[in-house]
Amino acid sequence: ANPERWMAMERNACLPTAIAMDAGLRRQGITSRVLQYGYQRNGKIAGHAVTTYLFAPGENKLWAYDYQGSTRIRAFIDNPFQIATQAEIARGRNTKIVFAEFLN
């Protein structure tokens, strides 16, 4: 659970939520990164940020966290486009990713 969960429900707070979750995971010794990406929806570009992390230690299972919770992602940890695409699909959105980058 994100200790800063109150932040997740604020409008357009995906980036600070992802940063807070990343910091919390790192304090626990869990490998994590913040992923920021943009996608096309209804002809317009929108953005989102998630925390990606490997859990449980030594099991090579990748997860993505945002305000909807954690979702298992089947992608390589070093492929931001693949992670962003799978995160959107896992959340029921089939969108075209236009950019994806790790912030840390």
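Residues numbered from 1 in each chain as written. Predicted model: local features only at pLDDT ≥ 70, side-chain atom pairs only at ≥ 80, totals over all residues. Heavy atoms only, no water.

J.: Quick rundown of the sheet that holds strand 5 (residues 96-102)? Include the residues and the values.
T.: The sheet built from 5 strands is open, its strands ordered 4-3-2-1-5 with antiparallel pairing. A single partner strand is all that each edge strand has here, and the edge strands are strand 4 (69-73) and strand 5. Averaged over all neighbouring strand pairs, the angle between strand axes comes to 30°, with direction disregarded. In this structure, strand 1 (residues 32-41) lies alongside strand 5, joined through 6 bridges in antiparallel fashion. (Pairing = 2+ DSSP bridges. Helix = DSSP H or I, 4+ residues; strand = E, 2+ residues; numbered from the N terminus. Axes fitted to C-alpha atoms, helices over the stretch in contact; angles between N-to-C directions.)

J.: Can you explain unusual backbone geometry? Please cite residues and give values.
T.: The amide bond that connects phenylalanine 55 to the next residue, alanine 56, takes the cis arrangement and shows omega of 5°. Despite not being glycine, asparagine 42 shows a phi value in the positive range, around 55°. Turning to its location among the elements, asparagine 42 is positioned in the loop between strand 1 and strand 2 (44-54). Residue asparagine 60 is not a glycine yet carries a positive backbone phi of 55°. Here asparagine 60 lies in the loop between strand 2 and strand 3 (62-66). For asparagine 60, a relative accessible area of 67% translates into the label exposed. (Buried < 20%, exposed > 50% of the residue type's maximum accessible area, 1.4 Å probe, protein only.)

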